Amino acid sequence: MIYRLYYLALVILILLIASCNSSLDDSKIAEQLPVPYEYALVLHGGAGSMNFENVPEPMQERYKHSLDSALQLGLDILKKGSASIDAVEVVIRCMEDNPLFNAGKGAVFTSEGKNEMDASIMTGEDLNAGAVAGVTDIKNPISAARAVMEKSKHVILAGNGASVFAKEVGLEIVDPSYFYTKHRFESYQRAIENEKHGTVGCVALDRNGNLCAGTSTGGMTNKKYGRIGDSPIIGAGTYANNRTCGVSATGHGEFFIRFTVAHDISALMEYKGMDVEEATQLVVMEKLVKAGGSGGVICLDQYGRHAMITNTTGMFRAYSNSEGDRIVAIFK
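Rules behind the numbers
- Residues numbered from 1 in each chain as written.
- Predicted model: local features only at pLDDT ≥ 70, side-chain atom pairs only at ≥ 80, totals over all residues.
- Heavy atoms only, no water.
- Pairing = 2+ DSSP bridges.
- Helix = DSSP H or I, 4+ residues; strand = E, 2+ residues; numbered from the N terminus.
- Axes fitted to C-alpha atoms, helices over the stretch in contact; angles between N-to-C directions.
- Contact = heavy atoms within 4.5 Å.
- Polar contact = N/O pair within 3.5 Å; in protein donor to acceptor, adjacent residues only side chain to side chain.
- Parallel < 35°, antiparallel > 145°, perpendicular 65-115°, else oblique.
- Nonpolar A, V, L, I, M, F, W, Y, C, P; charged D, E, K, R; others polar.
- Salt bridge = Lys/Arg side-chain N within 4 Å of Asp/Glu carboxyl O.
- 1 Å grid on protein atoms, 1.4 Å probe; cavity = no way out; pocket = protein on both sides within 12 Å on 5 of 7 lines; lining within 4 Å.
- Points joined across faces, edges and corners; volume = space filled by probe spheres on them.
- Left-handed = near helix turned anticlockwise from the far one by under 90°.
- Buried < 20%, exposed > 50% of the residue type's maximum accessible area, 1.4 Å probe, protein only.
- Expected span 1.5 Å × (residues − 1).
- Phe/Tyr/Trp six-rings, centres within 6.5 Å; stacked < 30°, edge-to-face > 60°.
- Core = buried A, V, L, I, M, F, W, Y, C linked by side-chain atoms within 4.5 Å.

Undergrad: What is the right way to look at the sheet that holds strand 8 (residues 245-251) in this model?
TA: Working definition: the strands of a sheet are paired by backbone hydrogen bonds and lie parallel or antiparallel to each other. Strands sit in the order 7-8-9-10 across an open sheet of four strands; the sheet is antiparallel. At either margin of the open sheet sits one strand with a lone partner, and together these are strand 7 (238-240) and strand 10 (306-310). Ignoring strand direction, the axes of neighbouring strands in this sheet form an average angle of 10°. Strand direction decides the pairing type here: strand 8 and strand 9 (residues 295-301), joined by seven bridges, are antiparallel. Bridge pairing in strand 9 places Thr250 opposite Gly296. Against the sheet, helix 8 (residues 261-272) engages strand 7, strand 8 and strand 9, with an angle of about 145° to strand 8.

Undergrad: Looking at this model, I keep getting lost on the environment of Glu112. Mind explaining?
TA: When you line up the elements, Glu112 lands in the loop between helix 3 (84-96) and strand 2 (117-123). Put simply, Glu112 and Gly226 are 114 residues apart on the chain and 10.0 Å apart in space, counted from C-alpha to C-alpha. Side chain to side chain, Glu112 and Lys114 meet in a polar contact 3.5 Å long.

Undergrad: Honestly, the packing of helix 3 against helix 4 (residues 141-151) in this entry has me stumped. Any pointers?
TA: Two measures define how a pair of helices packs: the angle their axes make with one another and the distance between the axes. Packing of helix 3 against helix 4 brings their axes to within 8 Å, and their N-to-C directions diverge by 150°. For the element pair helix 3 / helix 4, the angle class is roughly antiparallel. Together, Ile85, Asp86, Glu89, Ile92, Arg93 and Glu96 of helix 3 and Pro141, Ile142, Ser143, Arg146, Met149 and Glu150 of helix 4 make up the contact between the two elements. Residues belonging to the contact of helix 3 with helix 4 are distributed by class as follows: five nonpolar, one polar and six charged.

Undergrad: What exactly am I supposed to notice about the pattern of salt bridges here?
TA: Summed over all chains, the structure comprises twelve salt bridges. Among the salt bridges present, the one from Arg207 reaches Glu38, with a minimum N-O distance of 2.1 Å. Residue Arg207 is found in the loop between strand 5 (197-205) and strand 6 (211-220), and its partner Glu38 is found in the loop between helix 1 (2-32) and strand 1 (40-48); the two are separated by 169 residues along the sequence.

Undergrad: Where do I start with empty space enclosed by the protein in this structure?
TA: Gaps left between atoms show up when a probe the size of a water molecule is rolled over them. Enumeration according to the criterion identifies one cavity of 30 Å³ or more in this entry. Of the voids in this model, the largest cavity is the one considered here, and its volume is about 70 Å³. Lining the largest cavity are twelve residues, and of these Thr199, Thr217, Gly219, Arg227 and Gly251 lie nearest its centre. Of the residues in the lining of the largest cavity, the class split is one nonpolar, nine polar and two charged.

Undergrad: Where do I start with the packing of helix 8 against helix 9 (residues 276-291) in this structure?
TA: At a minimum axis separation of 9 Å, helix 8 and helix 9 run at an interaxial angle of 135°. What the angle tells us is that helix 8 and helix 9 run oblique. Once helix 8 is placed against helix 9, the crossing between them reads as right-handed. Residues Val261, Asp264, Ile265, Leu268 and Met269 of helix 8 form the contact with helix 9, whose participating residues are Val276, Ala279, Thr280, Leu282, Val283, Lys287 and Leu288. Considered class by class, the residues forming the contact of helix 8 with helix 9 number nine nonpolar, one polar and two charged.

Undergrad: I tried to follow unusual backbone geometry on my own but got confused; where do I start?
TA: Trans is the common state for peptide bonds, and a negative phi is the common state for residues other than glycine. With a phi close to 70°, Asn222 is a non-glycine residue in the positive phi region. The residue Asn222 is located in the loop between strand 6 and strand 7 in this model. The exposure class of Asn222 is buried, given its relative accessible area of 9%. The backbone of Tyr225 shows a phi angle near 55°, a positive value even though the residue is not glycine. With respect to the helices and strands, the residue Tyr225 is situated in the loop between strand 6 and strand 7. Of the residues examined, Tyr225 reaches a relative accessible area of 79% and is grouped as exposed.

Undergrad: How should I be thinking about helix 2 (residues 57-79) in this particular structure?
TA: Think of an α-helix as turning once every 3.6 residues; residues three or four places apart then point the same way. The first and last C-alpha atoms of helix 2 sit 32 Å apart over 23 residues, in line with the 33 Å expected at 1.5 Å per residue. Listed as buried for helix 2 are Gln60, Tyr63, Ser66, Leu67, Ala70, Leu71, Gly74, Leu75, Ile77 and Leu78. Just beyond helix 2, the residue with positive phi is Gly81, at close to 95°.

Undergrad: Is there a simple way to explain the packing of aromatic side chains in this structure?
TA: Given two aromatic rings, one states the distance between the centres and the angle between the planes to describe the pair. Tallied over the full model, the rule gives five aromatic pairs. Between the aromatic rings of Tyr63 and Phe316, the centroid separation amounts to 4.0 Å while the plane-to-plane angle is 20°, which identifies the pairing as stacked. With Tyr63 in helix 2 and Phe316 in strand 11 (residues 314-321), this pair connects stretches of sequence that are 253 residues apart. Accessibility classification places Tyr63 together with Phe316 in one group, the buried group.

Undergrad: Explain the side chain of Asn115 to me, please; I cannot follow it from the model alone.
TA: Along the chain, Asn115 turns up in the loop between helix 3 and strand 2. A polar contact is formed between the side chain of Asn115 and the backbone oxygen of Ala107, at a distance of 3.1 Å. Separated by 3.2 Å, the side chain of Asn115 and the backbone oxygen of Val108 make a polar contact. With residues near it in sequence (within four places) discarded, Asn115 still touches Ala107, Val108, Phe109, Val135, Thr136, Pro176, Phe179 and Tyr180.

Undergrad: How do you make sense of the nonpolar core when you look at a structure like this?
TA: The tendency in soluble globular proteins is for nonpolar side chains to be buried as a group. Grouped together as the largest cluster of nonpolar side chains are 47 residues, with contacts concentrated most on Leu41, Leu43, Met95 and Ile121. Counting residues per element, this core draws most heavily on helix 2, at seven residues. Counting 35 residues, the second-largest nonpolar core is a separate cluster that includes Met122, Ala129, Ala240 and Tyr319.

And the structure:
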């Protein structure tokens, strides 16, 4: 009987010690976790070989003003408590309407002298997603991507089918001539010697802790054969998961598709415990560089911490959060 009591007392003591250690471990973990921002937003307007010659100071100011204006639109939405998807859509629509960027109104020309656009959007709360590819007459492809996600059973609609769907849900349809800009047409005429590519994208974290990522593009100048890049491909050019991060990519899309860049960053965070900066550096600066892929990404993790990494000489980018931190930059 005495031995049984002694054994019981020993078991209780061990359990108490284990409980104490567990509480201490939990406390240490809690102390190590970063304090999340109430909301945050990051955006990009494309990456590439940028220098003071091809982006002179007056043009830099135009780009920075456009980036900052789009950033503020998204912040205003997040500040009043609206969902991250609303902020992402509004920011990207703003950039699609701006001829400076290769999306929407500023979309580049294909080898056939047309404008063909792609876009996608994804919500981190439920991993829902929508995309359109190869559209020619939808004024704001990002809104069409959101409609595919919310109003259809599909993830990607392409070409004429996407346009028919957009009309059915009441989105604005324009004549393809709307997308013509002199600057992009001149780029198209020079494209045989020097092809260009670019994209716009946005990632937002709202007050409810929900991430959303979106991407929109006109693709590569002089692209051929109905080419579709990474922008409408979930996991390649766009990805969002509340457990890890939201990602929007820009660059040579074929490499981003082959290496599933956006999802790879999330997977490194989820399965290897990397933070957003470490994961992004590994994918963009090591994996892509080794493969010969050029471009960059913008990311927000579940706490609102950002990473804006490119292996090119520059990327149009901006970031801000609920604490008032603000970055608007072009060169690396």
